[in-house]
Amino acid sequence: MNRLFVFLLFACSVACFAQTPHLKSGSTVYIEPMGGYETYLAAAIVKKHVPLVVVMDKDKADYIITSNVSHQTPSQPGVVVNDSSVNKNAVNSTNVNNGSNDAWNQGWELGSQRAAERRAAHAALGSTSASIAVVDPRSSQIVFAYSAGKEGTNQFQKTAEACAKSLKEFIEKSEKPKK
């Protein structure tokens, strides 16, 4: 009987210690410097109401956030060519008897041209991708990891907010009582 009790006690203690650490509300985090991106990430944590406390002293942190950020801009600017040589008044042989299709086709061409201009302007801004990892400094275990990639304006802010939102959801999900 005593052997069974000792065995069960040992098995339960091993199972308890083998669990991965949980990121809990109110935990303190230190964000490692990452070329200015740490400011965007700290602001996003506050903006998205992530239930963590950001500290400036690494020794006082329960967890450390590390990241990798890359920004790519196109090597050559995107160019949109407005082809004004096309005769807008030319009539397609299939539309000879239907004048309303000409107006629709011209509108379609104009819309397509404007969409191409927007895509080119958007692509000219480049793209940013960021990945973060929340690490338990005592065990070196990665408790949370996430990657985000954004294109367009305010890319650093958008990737930081995506990371913060996912981090908040992770904390809230892990703290929900299991049914």
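The structure this text deals with has already been given above.
An account of the accompanying structure is given in this report. Every value quoted in this text rests on a predicted model; they were computed, and no experiment measured them.

Each value, and the rule that gives it
- For every chain, the first residue of the written sequence is number 1, and numbering continues from 1 onward in sequence order.
- Only residues with pLDDT of 70 or above have their local features reported here, since the model is predicted, and side-chain atom pairs are shown and tallied only from 80 upward, although totals for entire chains, interfaces and linings are computed over all residues.
- Calculated side-chain values reflect all of the structure's heavy atoms, with hydrogen atoms and water omitted.
- Only DSSP runs of H or I covering at least 4 residues are called helices, and only runs of E covering at least 2 are called strands; the numbering of each starts at the N terminus.
- Relative accessibility decides the category of a residue: with a 1.4 Å probe and only protein chains considered, values under 20% of the type maximum give buried, values over 50% give exposed, and everything between is partly exposed.
- Should any heavy atoms of two residues lie within 4.5 Å, those residues are considered in contact.
- Method for areas: the Shrake-Rupley scheme with a 1.4 Å probe, in which residue coverage is limited to the protein chains shown.
- In protein, a polar contact means a hydrogen-donor-capable atom and an acceptor-capable atom, both N or O and within 3.5 Å, with residues adjacent in sequence counting only if both atoms are side-chain atoms; elsewhere, any N or O pair within 3.5 Å suffices.
- Each salt bridge in this description consists of a side-chain nitrogen of Lys or Arg and a carboxyl oxygen of Asp or Glu lying within 4 Å of one another.
- Nonpolar cores were defined as sets of buried Ala, Val, Leu, Ile, Met, Phe, Trp, Tyr and Cys residues, with membership established by side-chain atoms within 4.5 Å.
- The pairing criterion for strands is at least two bridges between them, as found by DSSP.
- Seen with the strands pointing away from the viewer, any crossover whose path from the first strand over the helix to the second strand runs clockwise is right-handed.

This paragraph deals with the overall build of the protein. Tallying secondary structure elements over the protein gives four helices and five strands in all. Element order for the protein, N to C, with α for helix and β for strand: α-β-α-β-β-α-β-β-α. Burial statistics for the protein: of 179 residues in total, 24% are counted as buried. Taking all contacts inside the protein whose residues are at least 6 apart in sequence as the whole, residues at least 24 apart take part in 74%. If you sum the accessible surface of the protein, you get close to 12600 Å²; carbon and sulfur atoms cover 56% of it.

Another aspect to go through is the side chain of T28. Structurally, T28 can be placed in strand β1 (residues 28–31). A distance of 3.1 Å separates a polar side-chain atom of T28 from the backbone oxygen of K60.

Quick look at the pattern of salt bridges now. Applying the stated criterion across every chain yields a total of four salt bridges. Across the pair K58 and E32 runs a salt bridge, and its minimum N-O distance is 3.1 Å. Residue K58 is located in the loop between β2 (53–54) and β3 (63–72), and its partner E32 is located in the loop between β1 and α2 (37–47); the two are separated by 26 residues in the primary sequence. Note that K47 is salt-bridged to E161, the shortest N-O span being 2.9 Å. In this pair, K47 sits in helix α2 while E161 sits in helix α4 (residues 155–175), placing the two residues 114 residues apart along the sequence.

The next subject is the side chain of S166. If you trace the backbone, S166 turns up in helix α4. Discounting chain neighbours no more than four positions away, the residues touching S166 are F144 and Y146.

Residue class for S166 comes out buried when judged on its relative accessible area of 14%. With 18 residues separating them in the primary sequence, S166 and A148 have C-alpha atoms 9.7 Å apart.

Positive phi outside glycine occurs at H49, with the angle close to 55°. Mapped onto the secondary structure, H49 falls in the loop between α2 and β2. The phi torsion at S140 lies on the positive side, around 65°, for a residue other than glycine. When you line up the elements, S140 lands in the loop between β4 (127–136) and β5 (141–151). Classification of S140 as exposed rests on a relative accessible area of 57%.

To continue, consider the nonpolar core. Counting 24 residues, the largest nonpolar core has L23, L41, I65 and L167 as its most contacted members. Elements represented by at least two residues in this core include exactly β1, α2, β3, β4, β5 and α4. Residue contributions to this core peak at six residues, all from α4. Here L23 is in contact with L52, Y63, V134, V143, L167, F170, I171, S174 and E175, once residues within four sequence places are set aside.

Residues of β1 alternate between two faces, with T28 and Y30 on one and V29 and I31 on the opposite face, all of them buried. Pairing of β1 with β2 involves two bridges; the strand directions are parallel. The residue of β2 that forms the bridge with T28 is V53. A crossover connection joins β1 to the parallel β2 through α2; in handedness this β-α-β unit is right-handed. Pairing between β1 and β3: three bridges, direction parallel. Its bridge partner being in β3, I31 is matched across the sheet by I65.

Note that every value here comes from positions in space, so none of it alone points to a role or purpose.
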